[in-house]
Number of protein chains: 2
Amino acid sequence: MKTPYLYEIEVEWTKDREGLLRSENLQTLGVSSPPEFHGRAGIWTPEHLFVASVNACFMLTFQAIAAIEKLQYSKFKSFATGKLERGERSFLFTEITLKPQLAITTHEDIEKARGILEKAERKCLVSNSIKTSIILEAEISVEL
Amino acid sequence: MKTPYLYEIEVEWTKDREGLLRSENLQTLGVSSPPEFHGRAGIWTPEHLFVASVNACFMLTFQAIAAIEKLQYSKFKSFATGKLERGERSFLFTEITLKPQLAITTHEDIEKARGILEKAERKCLVSNSIKTSIILEAEISVEL
């Protein structure tokens, strides 16, 4: 597959404020507006997909850089919170806070690990495609 | 729930270039890099989530405006293609093409429907949060 890479998604209205997201070879996913925008709770929303996209991109970019820089780690988890606020024209995501929890295997790697987390945030292709500010609050532990 | 609205997503590394996306009350979703970035095919990726977020937001914003403007329609489906290209610092989404297929119930509403589709693209809160250009190619049919 050559660049540009293309990603295709179909959405089809089913009922009320709900639909189905489909893409070749991917699990079909129900989608709805969130309850605060007249949708039904318990279903993925564009808002959750957006924050998920940033958080997953951050993790996978971290993994890619960690592999290149040969950082050893045993756990990675990241909590993302997206803040949606009224703008001039409409609502928009003004801020996403990423709180990664990373467990590395040696004390000596703490600063290297912190640098890779910061680089992952800057290099993430989704972060690079959005206007939203990203705040990074990393927690690094050592599991010997 | 008062503004700002907050959306929380956790991602946890499981194995290789894969993880799980979790959020309260939502179906847990596997996520991976796409094969072109060393991941495994057949799993949702940050790239697909990003395009899905834009496409679903477009549909649901269309529905919200159509309800206010009392537009009658019987079908709505939208095909989105996101184009990922190398930028100066890293890859980024330069363009998303949205091809909605809308079936309305009366000939007289064609221009009104077109206007609502265009407004939905402008008002969509995800579109407003991204740098990516959105190209809209609408197809409106009448099903009497």
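What you see is a predicted model; the values in this text were computed from it and never measured. (Residues numbered from 1 in each chain as written. Chains lettered and ligands numbered in written order. Predicted model: local features only at pLDDT ≥ 70, side-chain atom pairs only at ≥ 80, totals over all residues.)

Asker: Can you explain the overall build of chain A? Please cite residues and give values.
Answerer: The helix and strand tally for chain A stands at 2 helices and 7 strands. Each helix (α) and strand (β) of chain A, taken in turn from the N terminus, gives the series β-β-β-α-β-β-α-β-β. The buried share of chain A, taken over its 144 residues, is 44%. (Helix = DSSP H or I, 4+ residues; strand = E, 2+ residues; numbered from the N terminus. Buried ≥ 20, exposed ≤ 12 C-beta atoms within 10 Å, placed from the backbone.)

Asker: Got a sec to walk through the relation of the copies chain A and chain B? Specific residues and values, please.
Answerer: Turning chain A through 180 degrees and shifting it by 0.0 Å along the axis lays it on chain B, with an RMSD of 0.0 Å. The symmetry that links the two subunits is that of a two-fold axis. No C-alpha of chain A approaches the rotation axis more nearly than that of A:I130, which lies at 1.9 Å. Both copies contact each other with a shared surface, as 100% of the interface residues of chain A are interface residues in chain B too. (Least-squares fit on C-alpha atoms with pLDDT ≥ 70 in both. Contact = placed C-beta atoms within 7 Å.)

Asker: I'd love a proper account of the interface of chain A and chain B, names of residues and values included.
Answerer: Facing 64 residues of chain A, the contacting portion of chain B comprises 64 residues. For the side of chain A that touches chain B, the elements supplying multiple residues, two or more each, are β1 (5-15), β2 (18-22), α1 (46-68), β4 (73-86) and β5 (91-104) of chain A. Among the elements that line the side of chain A that touches chain B, the one with the most residues is α1(A), at 14 residues. Inspection of the sheet shows β1(A) paired to strand β4 (residues 73-86) of chain B by 8 bridges, in the antiparallel sense. In the sheet register, A:E12 faces β4(B), and the bridge partner there is B:K77. (Pairing = 2+ DSSP bridges.)

Asker: I'd like a description of the nonpolar core, backed by residues and values.
Answerer: Counting 80 residues, the largest nonpolar core has A:A56 and B:A56 as its most contacted members. Not counting chain neighbours up to four residues away, the residues in contact with A:A56 comprise B:V11, B:G19, B:L21, B:V31, B:P46 and B:L49. (Core = buried A, V, L, I, M, F, W, Y, C linked by C-beta atoms within 7 Å.)

Asker: Now, about the packing of α1(A) against helix α2 (residues 110-123) of chain A: what can you tell me, with residues and values included?
Answerer: Residue and element names in this part refer to chain A. One can describe the packing of α1 onto α2 by two numbers: an axis separation of 8 Å at closest approach and a directional angle of 125 degrees. Judged by the inter-axis angle, α1 sits oblique to α2. Along this stretch, α1 crosses α2, giving a crossing that reads as right-handed. Residues F58, T61, F62, I65 and A66 of α1 lie in contact with α2, whose contacting residues are I116, L117, K119, A120, E121 and K123. Tallied by class, residues from the contact of α1 with α2 come to 7 nonpolar, 1 polar and 3 charged. (Axes fitted to C-alpha atoms, helices over the stretch in contact; angles between N-to-C directions. Parallel < 35°, antiparallel > 145°, perpendicular 65-115°, else oblique. Left-handed = near helix turned anticlockwise from the far one by under 90°. Nonpolar A, V, L, I, M, F, W, Y, C, P; charged D, E, K, R; others polar.)

Asker: Outline the environment of A:S23, supporting the account with residue identities and numerical values.
Answerer: Mapped onto the elements, A:S23 comes out in the loop between β2 and β3 (29-32). Sequence-wise, A:S23 and A:Y7 are 16 residues apart; in three dimensions their C-alpha atoms are separated by 8.6 Å. Residues in contact with A:S23, not counting those within four places in the same chain, are A:E8, A:I9, A:E10 and B:H48.

Asker: Describe the environment of A:S74, with residues and values.
Answerer: Residues and elements named next belong to chain A. Examined against the element boundaries, S74 turns out to sit in strand β4. For the pair S74 and E95, spaced 21 residues apart in sequence, the C-alpha separation works out to 29 Å. Each residue touching S74, except ones within four places of it in the same chain, is listed here: A103, T105 and E143.

Asker: Which residues make up the domain arrangement of chain A, and what values go with them?
Answerer: Partitioning chain A into domains gives domain 1 (1-44) and domain 2 (46-142). Taking the mean C-alpha position of each, domain 1 of chain A and domain 2 of chain A sit 23 Å from one another. (Domains from an automatic or database assignment.)

Asker: I'd like a rundown of the pairing of strand β2 (residues 18-22) of chain B, residues and numbers included.
Answerer: Residues and elements named next belong to chain B. Burial along β2 is one-sided: the residues G19 and L21 are buried and none of E18, L20 and R22 is. As defined by bridge partners, strand β1 (residues 5-15) adjoins β2 across 5 bridges and the pair is classed as antiparallel. Along β2, the bridge assignment pairs E10 with R22. Counting the residues in the hairpin turn of β1 and β2 gives 2 residues, including D16, whose phi is positive at 45 degrees.

Asker: Can you break down unusual backbone geometry residue by residue, with the values?
Answerer: Residue and element names in this part refer to chain A. Despite not being glycine, D16 has its phi angle at roughly 45 degrees, a positive value. In this structure, D16 sits in the loop between β1 and β2. In this structure, H38 takes a positive phi of about 70 degrees despite not being glycine.

Asker: Describe the pairing of β3(A), naming the residues involved and giving the relevant values.
Answerer: Residue and element names in this part refer to chain A. Taken together, the 4 bridges between β2 and β3 define a ladder with antiparallel strand orientation. Bridge pairing in β3 places L21 opposite L29. If you look at the hairpin formed by β2 and β3, you'll find 6 residues sitting between the two strands, and N25 has a positive phi there, around 70 degrees.

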